[in-house]
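So the chains spell out like this:
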Amino acid sequence: MRASDLAALAIGNAVLIGAMWVRHGQLAELGSPSGILIAAGQLAALYGTYLVLLQLILMSRSPWLDQVLGSDRVAALHRWVGFSGILLLVAHGVFTVVGYGLATGSGVLAEALTILTSYPYVLMATAGMALFVAIGISSVGAVRRRLSYETWYGLHLYAYLAIALAFLHQLAVGTDFTTDPVARIYWIALYVVAGALMLIFRFAQPVTLSLRHRLRVANVVEEAPGVVSIYMTGRDLDQLATRAGQWFRWRFLTPEDWWRSHPFSLSAAPNGRFLRVTVKAQGDQTQKLQRVRIGTPVFLEGPYGNMTGAARTRPKVLLIAGGIGVTPLRALLEELPAAPGDLTLVYRASRPQDLVFRRELEQLSAIRGATVHYLVGRRGTRAMPGDPLAPEALRRLVPDVRQHDVYVCGPLPMMEAVRRSLRALHVPDAQVHDERFAF
Ligand SMILES: Cc1cc2nc3c(=O)[nH]c(=O)nc-3n(C[C@H](O)[C@H](O)[C@H](O)COP(=O)(O)OP(=O)(O)OC[C@H]3O[C@@H](n4cnc5c(N)ncnc54)[C@H](O)[C@@H]3O)c2cc1C
């Protein structure tokens, strides 16, 4: 299945929902301003609920969906669908209260009070909507930056409660639910599909995968100050379907932190003997992982990401790494098939001590016939007056850059600057593959 098939499926369902609404005779209600508002309220409820269910599917973390759409697109859709769904549910409340207020001639406040106290489950649905609004506000850039990841994530868990509260309201008063058995079955099927995908991919699949492979920390090696490689061994690792460039959500089962997972890329190509991630201390959890004990059991969820050899369009490959973004590129340098001379790594770091894997990179480049360029230093200093990844600088390093597939991973500003340089050098977007270390 391709992304366009999924888009067609989502649009097809949206059309069906509209058609069912029309079949219920709602167009006949459009003769008055109150009728128009009530109808707008119904449509907002139907599409708001539909978007919330799509959001559940996006939140299921299905590796399959991640492959079809790509991690970045799933994250972008998650934001868009989330905000739009919340706006529609708020609009549903406002249009319905004002519409019925006009129809009955009572004021908006009096009508709101009547609806809240006399319609079944409206109070619960309103509480659910307040939770959705709080989740939406917590995700607005400026607010999100002030919250710790755990607080923000914890708040998102209330979305499940909000959905349960809204479901009872729809079941009891939704026109589609109460009057049309076909529509009722259709909507329940939508809830069941979204719920099942959640259960499968957030629970059953990771538990099965983890029980099958029984990963444990086998070794922890310091790569640089504040950066360690964690080696994990387990059962049947040769049958774990993953490849270089991909990432998993890892849950290190320590007494304090077993409940939270973190995304890390594989920093060595899968080899059937061990899996390796390389972790830079960026916050409390990654700080603790620097000292994770040997023997700690590890749960894993994934694999995710399609910055792999499958994205390849050209024989030549350029890997551009910034800081700890070198981890998936180090694995790709090991795995991607390429003739000697066709593989180049450009590795940008601010300070020499930030470079990791230096010895490994030397060994790998010798074995693979690859070229490695280190770009070390702070921009604007005497040693590095300009941007070493600006178009001209990049062209000097890799004159035939247009003939390459380019894999990029690093801090977001660096990745955006590289994208701009590649466009200026007329490298087609289809040849550029990247992974962001942030959602
Ligand atoms: C696809 C992907 C691959 C990654 N690969 C690597 C890697 O190979 N090596 C490496 O060192 N780092 C990697 N990271 C970054 C790493 O996941 C975060 O640095 C880590 O989760 C921070 O956790 P913390 O509790 O120490 O920090 P915090 O202080 O909690 O957060 C520091 C930053 O990390 C983000 N973050 C925290 N927890 C999570 C989480 N569970 N999911 C997503 N983001 C989170 C926060 O939003 C914040 O921006 C990757 C991130 C992503 C999205």
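Residues numbered from 1 in each chain as written. Predicted model: local features only at pLDDT ≥ 70, side-chain atom pairs only at ≥ 80, totals over all residues. Heavy atoms only, no water.

**Looking at the overall build of the protein chain**
The cut-off we apply is this: For the purposes of this entry, the term helix denotes a DSSP run of H or I that reaches at least four residues, the term strand denotes a run of E that reaches at least two, and both are numbered from the N terminus. Think of it in three bands: with a 1.4 Å probe and only protein chains considered, a residue is buried below 20% of the maximum accessible area for its type, exposed above 50%, and partly exposed in between. Contacts were defined at the residue level, with two residues in contact if any of their heavy atoms lie within 4.5 Å. Shrake-Rupley sampling with a 1.4 Å probe provides the accessible areas, and residues are treated as covered by the protein chains on show and by no other component. All tallies of charge rest on Lys and Arg as positive and Asp and Glu as negative; His and the ends of each chain are not included. Each charge is placed at NZ for Lys, CZ for Arg, CG for Asp and CD for Glu.
Within the protein chain one finds 15 helices and eleven strands. Counting only C-alpha atoms, the protein chain reaches 80 × 50 × 40 Å along its principal axes. Split into buried and exposed, the 439 residues of the protein chain put 46% on the buried side. Counting only contacts in the protein chain whose residues sit at least 6 apart along the sequence, the fraction spanning at least 24 positions is 72%. Accessible surface, the protein chain as shown: approximately 21200 Å² in total, 64% of it carbon and sulfur. Between the mean site of the 43 positive side-chain charges and the mean site of the 30 negative ones, the protein chain shows a separation of 4 Å.

**A look at the packing of helix α4 (residues 71–104) against helix α6 (residues 122–138)**
Just so we agree on the cut-off: Comment: axis = line fitted to C-alpha atoms, over the contacting stretch for helices; angle = value between 0 and 180 degrees taken between N-to-C directions. Each crossing gets its hand from how the near helix is turned against the far one by less than a right angle, where anticlockwise is left-handed and clockwise is right-handed. Under the scheme applied, nonpolar residues are Ala, Val, Leu, Ile, Met, Phe, Trp, Tyr, Cys and Pro; charged residues are Asp, Glu, Lys and Arg; polar residues are all the others, including Gly.
Interhelical geometry of α4 versus α6 gives an angle of 140 degrees and a closest axis separation of 10 Å. In terms of crossing hand, the pair formed by α4 and α6 is left-handed. Contacts between α4 and α6 pair F83, I86, L89 and V90 from the former with M129, F132, V133 and G136 from the latter. Partitioning the contact of α4 with α6 into residue classes produces seven nonpolar, one polar and no charged.

**Considerations on the site of the ligand**
We count it as follows: One heavy atom within 4 Å of a molecule or strand makes the whole residue count as near it. Polar contacts here mean pairs of N or O atoms no more than 3.5 Å apart (in protein, one a potential hydrogen donor and the other a potential acceptor; neighbouring residues in sequence count only if both atoms are side-chain atoms).
The environment of the ligand is made up of 23 residues, and the closest members are H262, P263, T278, K280 and T286. Between an oxygen atom of the ligand and a side-chain N or O atom of H262, the distance comes to 2.7 Å. At 3.0 Å, a side-chain N or O of D284 approaches an oxygen atom of the ligand. About the coverage of the ligand: the protein hides 85% of its 870 Å² of free accessible area.

**Looking at the domain arrangement of the protein chain**
Quick note on the threshold: Boundaries between domains were set according to an automatic or database domain assignment. By buried area we mean the combined loss of accessible area, with a 1.4 Å probe, across both parts when two parts are placed together. Think of a salt bridge as a Lys or Arg side-chain nitrogen and an Asp or Glu carboxyl oxygen that are within 4 Å of each other.
According to the domain assignment, the protein chain consists of domain 1 (3–208), domain 2 (214–304) and domain 3 (309–434). A straight line from the C-alpha centre of domain 1 to that of domain 2 covers 36 Å. Facing the eleven residues of domain 1 at the interface are 13 residues of domain 2. Here domain 1 and domain 2 share an interface that buries about 930 Å² over both sides, 46% of which is from carbon and sulfur atoms. By the criterion of area lost to domain 2, the three top residues of domain 1 are R61, E150 and P206, representing 51% of everything that side buries. Across the contact surface, domain 1 and domain 2 share two salt bridges. One salt bridge in this structure joins R61 and E301, with 3.1 Å as the shortest N-O distance. Linking domain 1 with domain 2 are four residue pairs in polar contact (both at pLDDT 80 or more), by the criterion used here. Those elements that place two or more of their residues in the side of domain 1 that touches domain 2 are α3 (63–69) and α10 (181–213). The residue makeup of the side of domain 1 that touches domain 2, split by class, is four nonpolar, four polar and three charged.

**A short note on the packing of aromatic side chains**
For any pair of aromatic rings, the description consists of the separation of the ring centres together with the inter-plane angle of the planes. How we decide: Centres within 6.5 Å make a pair out of two Phe, Tyr or Trp rings, where for Trp the six-membered ring is used; the pair is then stacked when the planes are under 30 degrees apart, edge-to-face when over 60, and tilted otherwise. Placement of a positive charge over a ring is assigned whenever Lys NZ or Arg CZ falls within 6 Å of the ring centre and within 35 degrees of the normal to the ring plane.
What the rule picks out here adds up to eight aromatic pairs. Seen in terms of ring centroids, W247 and Y304 are 4.8 Å apart; in terms of plane orientation they differ by 35 degrees. Their pairing is tilted. One end of the pair, W247, is in strand β3 (residues 247–252); the other, Y304, is in strand β6 (residues 297–304), with 57 residues separating them in the sequence. As far as burial versus exposure is concerned, W247 and Y304 are alike and both buried. The structure contains a cluster of three or more aromatic residues connected by ring pairs, namely Y149, W152 and Y153. Between R144 and the ring centre of W152, over which it is positioned, the NZ or CZ distance is 4.3 Å. One Lys or Arg, R358, reaches over the ring of Y374 and ends 4.1 Å from the middle of that ring.

**Structural notes on the pattern of salt bridges**
Overall, the coordinates contain 19 salt bridges when judged by the stated rule. A salt bridge links K316 to D400; the shortest N-O distance between them is 2.6 Å. Within this pair, whereas K316 is found in strand β7 (residues 316–322), its partner D400 is found in the loop between α14 (391–397) and β10 (404–409), the two being separated by 84 residues in sequence. Relative accessible area serves as the criterion here: at 25%, K316 is assigned to the partly exposed category. Residue class for D400 comes out partly exposed when judged on its relative accessible area of 29%. A salt bridge links R419 to D434; the shortest N-O distance between them is 3.2 Å. Taken as a pair, R419 in helix α15 (residues 412–424) and D434 in strand β11 (residues 432–434) lie far apart in primary sequence, 15 residues in all.

**Here's the deal with the sheet that holds β11**
Cut-off, in case you're wondering: Only strands joined by at least two bridges in the DSSP assignment are considered to pair.
Spatially, β9-β8-β7-β10-β11 is the arrangement adopted by the five strands of the open sheet, whose pairing is parallel. Strand pairing shows two members of the sheet lacking a second neighbour, β9 (371–376) and β11, which therefore form its edges. Mean inter-strand twist for the sheet, computed between neighbouring axes without regard to direction, equals 15 degrees. When β7 meets β10, the two strands line up parallel, connected through six bridges.

**A few points about a nonpolar patch on the surface**
Heads up, the rule is: Patch building starts from residues that exceed 30% relative accessible area and form no salt bridge, then joins like charges within 9 Å and nonpolar side chains (Val, Leu, Ile, Met, Phe, Trp, Tyr) within 5 Å.
Together, V22, L27, L30 and I36 give the surface a local cluster of nonpolar side chains, amounting to about 320 Å² of exposed area. Within the element layout of this structure, I36 appears in helix α2 (residues 33–59). The class for I36 is partly exposed, based on a relative accessible area of 45%.

**With respect to the sheet that holds β6**
Here we have six strands laid out as an open sheet, ordered β4-β3-β6-β1-β2-β5, and antiparallel in their pairing. Pairing within the sheet leaves two strands with one partner each, and these edge strands are β4 (262–265) and β5 (275–280). When the angles between neighbouring strand axes are averaged without regard to direction, this sheet yields 40 degrees. Alignment of strand β2 (residues 227–233) against β5, held across six bridges, turns out to be antiparallel. Across the sheet, the residue bridging to S229 is T278, located in β5. Of the strands in this sheet, β1 (215–224), β3 and β6 are in contact with α10, which crosses β6 at around 120 degrees.

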